[in-house]
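Geometric and topological summary
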Amino acid sequence: MPQTMLTLSTRGQGLYEFTEKAAAFVAGAGQEEGLLTLFVQHTSCSLLIQENADPDVKHDLKAFFARIVPPTSDPAMGWVTHRDEGPDDMPAHIKSALTQVSIGIPVSGGRLALGTWQGLYLFEHRDRPHRRNIILHLGA
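A short tour of the structure in this document, coming up. (Residues numbered from 1 in each chain as written. Predicted model: local features only at pLDDT ≥ 70, side-chain atom pairs only at ≥ 80, totals over all residues. Heavy atoms only, no water.)

So, about the overall build of the protein. Scanning the protein for helices and strands turns up three helices and eight strands. In the protein, of all internal contacts separated by at least 6 residues, the share reaching a separation of at least 24 is 81%. Surface exposure of the protein reaches about 7,600 Å², of which carbon and sulfur atoms provide 54%. Side-chain charges of the protein comprise 12 positive and 15 negative groups, with the mean position of each set lying 5 Å from the other. (Helix = DSSP H or I, 4+ residues; strand = E, 2+ residues; numbered from the N terminus. Contact = heavy atoms within 4.5 Å. Areas by Shrake-Rupley, 256 points an atom, 1.4 Å probe, with all protein chains shown as cover. Lys, Arg positive; Asp, Glu negative; His and termini not counted. Charge placed at Lys NZ, Arg CZ, Asp CG, Glu CD.)

So, in structure tokens, the structure goes:
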């Protein structure tokens, strides 16, 4: 069964689309039907299937998560004890727990069975740049 690792470089918090890279992996595998499983190997980012037509969606999602989980420097986060890696670290873990680190997408006709406006995103929850590993596995 085909498998690969995709490494994405981030520039800080936000959504980073990688739909084309995943679609190219599926096309290169030559498999007509199956299930593409995506898994990110980190605890401070996550994976999303989200609209990829209007950039306001990305902006609003980032703003929403910043409101519900502010940095630990915010007085509302005084209860947080894990602060070793900066004010964005524990909030990043919480955001990751609220979203998902693994996604399954059907493959039909040799293509990802995504809807018209759906795209695959790495949702980076940390402020500084990171290199994030995503494993792509195409099962029968």
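Having seen the model, we can carry on.
Spatial ordering of the open sheet is given by β2-β7-β4, a layout of three strands whose pairing is antiparallel. Whereas interior strands pair on both sides, the edge strands pair on one side only; in this sheet they are β2 (14-17) and β4 (45-51). Averaged over all neighbouring strand pairs, the angle between strand axes comes to 35°, with direction disregarded. As paired strands, β4 and strand β7 (residues 118-124) are joined by seven bridges and run antiparallel to one another. Bridge assignment links Ser46 to a residue of β7, and that residue is Phe123. (Pairing = 2+ DSSP bridges. Axes fitted to C-alpha atoms, helices over the stretch in contact; angles between N-to-C directions.)

We now examine the environment of Leu38. Its location among the elements puts Leu38 in strand β3 (residues 34-40). On the basis of relative accessibility, which here comes to 0%, the residue Leu38 falls in the buried class. Linking Leu38 and Gln118, residues 80 residues apart in sequence, is a C-alpha distance of 15 Å. Discounting residues that sit within four places of it in the chain, Leu38 has contacts with Phe18, Leu47, Val101, Ser102, Ile103, Ile105, Leu120, Ile134, Ile135 and Leu136. (Buried < 20%, exposed > 50% of the residue type's maximum accessible area, 1.4 Å probe, protein only.)

Note on strand geometry: in a regular strand, side chains alternate between the two faces of the sheet. Of the two faces of β3, the one lined by Gly34, Leu36, Leu38 and Val40 is fully buried and the one lined by Leu35, Thr37 and Phe39 carries no buried residue. The pairing of β3 with strand β5 (residues 102-108) spans six bridges and is classified as antiparallel. Its bridge partner being in β5, Thr37 is matched across the sheet by Gly104. With six bridges connecting them, β3 and strand β8 (residues 131-139) associate as antiparallel partners. Bridge assignment links Val40 to a residue of β8, and that residue is Ile134.

Ordered by their spatial adjacency, five strands build an open sheet running β1-β8-β3-β5-β6, and the pairing between neighbours is antiparallel. Edge positions in the sheet fall to β1 (3-9) and β6 (111-112), since each of these pairs with one other strand and no more.

Take the environment of Thr116 next. With respect to the helices, strands and loops of the structure, Thr116 is situated in the loop between β6 and β7. Looking at Thr116, the relative accessible area reads 68%, which means it is exposed. In this structure the C-alpha to C-alpha distance between Thr116 and Ile105, which are 11 residues apart in sequence, comes to 14 Å.

If you trace the backbone, Arg132 turns up in strand β8. Of the residues examined, Arg132 reaches a relative accessible area of 3% and is grouped as buried. The sequence separation of Arg132 and Leu6 amounts to 126 residues, and the corresponding C-alpha distance is 8.1 Å. In this structure Arg132 touches Leu6, Thr7, Leu8, Thr10, His42, Ser44, Cys45, Leu122, Glu124 and Arg126, once residues within four positions along its chain are discounted. Among the polar contacts made by the side chain of Arg132, one reaches the side chain of His42 at a distance of 3.5 Å. (Polar contact = N/O pair within 3.5 Å; in protein donor to acceptor, adjacent residues only side chain to side chain.)

Read these as spatial facts, not as claims about activity.
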